[in-house]
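Remarks on the overall topology
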Amino acid sequence: MTNATDPPTVRARVAELAAARISTWQEGYLRDRPKDVAALARLRRGAGRDAGQLPDLWTLVDTTALHARLDGVRPLGEEELVRAEDALHAALTLWALHQQSRPTRMHRPHTARRPAGLGAAVRRLMPPDGIDEPVRKRLVRAGLAADLTSLSQRLRDLVVLLRRADIPLDYGLLAGQLYAWQWPAGADRVRREWGRSFHARQEHEHPAPGDNATTNNTVSSPDRDKDAS
């Protein structure tokens, strides 16, 4: 059992870093800030691709914070850093694809009242009183991926569906799960988390205030085609 004085796990640090980076880009993108629009355009080209294939993204997928020496926290090993970098690359690039041309926040923190994990997001693609079997099979297929690259490719297909439906996802949570996935027994643990998220009772089957195209979640942007390429 952990308590408030325990140092954060590597998974938690990866999740926090992903959420912080995405939140900054997201707000800038929705306000049509050129540097953030450009960052999103660069990032989304990496969705579903191995981190090592795209040196252009190394400055954006910045793991400097994970190298920092923190009181009471041991330095991370090389394997931890590599897996953290790969998880961040996957999460950030998938968010960029999800956010493309959307006027609302596609990264939204998960809460018990408003679930935003992968399973819950996929469930929202389906009718409240039934299961869309092809969509369910996409989630199952993602869960059976053999490695992080193939997992990212399969998640990319789900993200495209979520984008079309304006359904947000907690990309900090996802980044932490992608980090955990890469360790022995990690895939089983993450699959169980996705399954629980999918089957959990949701207070809101329909968009809650702040979801999708609402005043709380939308930032006016005059150019909806700014990143259509």
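Structural notes, computed from the coordinates.

What counts and what doesn't
- Residues numbered from 1 in each chain as written.
- Predicted model: local features only at pLDDT ≥ 70, side-chain atom pairs only at ≥ 80, totals over all residues.
- Heavy atoms only, no water.
- Salt bridge = Lys/Arg side-chain N within 4 Å of Asp/Glu carboxyl O.
- Buried < 20%, exposed > 50% of the residue type's maximum accessible area, 1.4 Å probe, protein only.
- Phe/Tyr/Trp six-rings, centres within 6.5 Å; stacked < 30°, edge-to-face > 60°.
- Helix = DSSP H or I, 4+ residues; strand = E, 2+ residues; numbered from the N terminus.
- Lys NZ or Arg CZ within 6 Å of the ring centre and 35° of its normal.
- Polar contact = N/O pair within 3.5 Å; in protein donor to acceptor, adjacent residues only side chain to side chain.
- Contact = heavy atoms within 4.5 Å.
- Core = buried A, V, L, I, M, F, W, Y, C linked by side-chain atoms within 4.5 Å.

**Some words on the pattern of salt bridges**
Across all of its chains, the model carries eleven salt bridges by this definition. Salt-bridge contacts for glutamate 27 lead to arginine 31; the nearest nitrogen and oxygen are separated by 2.8 Å. Under the relative-accessibility criterion, arginine 31 is labelled partly exposed at 42%. For aspartate 36, the salt bridge is made with lysine 35, and the minimal N-O distance between the two is 3.5 Å.

**Regarding the packing of aromatic side chains**
In this description, a pair of aromatic rings is defined by centroid distance and the angle of the planes. Going through the model one piece at a time under the given rule, you end up with three aromatic pairs. Their ring planes at 25° and their centres at 5.8 Å tell us that tryptophan 181 and tryptophan 194 sit as a pair that is stacked. A residue pair is termed long-range when its members are at least 10 positions apart, and tryptophan 181 in helix H8 (residues 171-181) and tryptophan 194 in helix H9 (residues 186-199) qualify at 13 residues. The ring of tryptophan 183 carries the charged tip of arginine 83 above its face, separated from the ring centre by 3.9 Å.

**Looking at the environment of valine 82**
Checked against the element boundaries, valine 82 lands in helix H4 (residues 78-99). Judged by relative accessible area, valine 82 falls into the partly exposed class, the value being 38%. Between the alpha carbons of valine 82 and threonine 63 there is a distance of 9.6 Å; along the sequence they are 19 residues apart.

**Things to note about the side chain of histidine 107**
With respect to the helices, strands and loops of the structure, histidine 107 is situated in the loop between H4 and helix H5 (118-123). Overall, histidine 107 belongs to the buried group, its relative accessible area being 4%. Polar contacts involving the side chain of histidine 107 include one to the main-chain amide nitrogen of tyrosine 171, which spans 3.1 Å. In this view, histidine 107 contacts Ala19, Ile22, Ser23, Gln26, Trp95, Gln99, Leu169, Asp170, Tyr171 and Gly172; residues no more than four positions away in its chain are not counted.

**A few points about the nonpolar core**
Ranked by internal contacts, the top residues of the largest apolar core, which has 58 residues, are Val14, Leu151, Leu155 and Leu178. When residues of this core are traced back to their parent elements, those giving at least two are helix H1 (10-30), helix H2 (34-44), H4, H5, helix H6 (133-143), helix H7 (148-164), H8 and H9. Ranked by residue count, the leading element in this core is H4, at eleven residues. Residues in contact with valine 14, not counting those within four places in the same chain, are Leu66, Ala84, Ala87, Leu88, Ala175, Gly176 and Tyr179.

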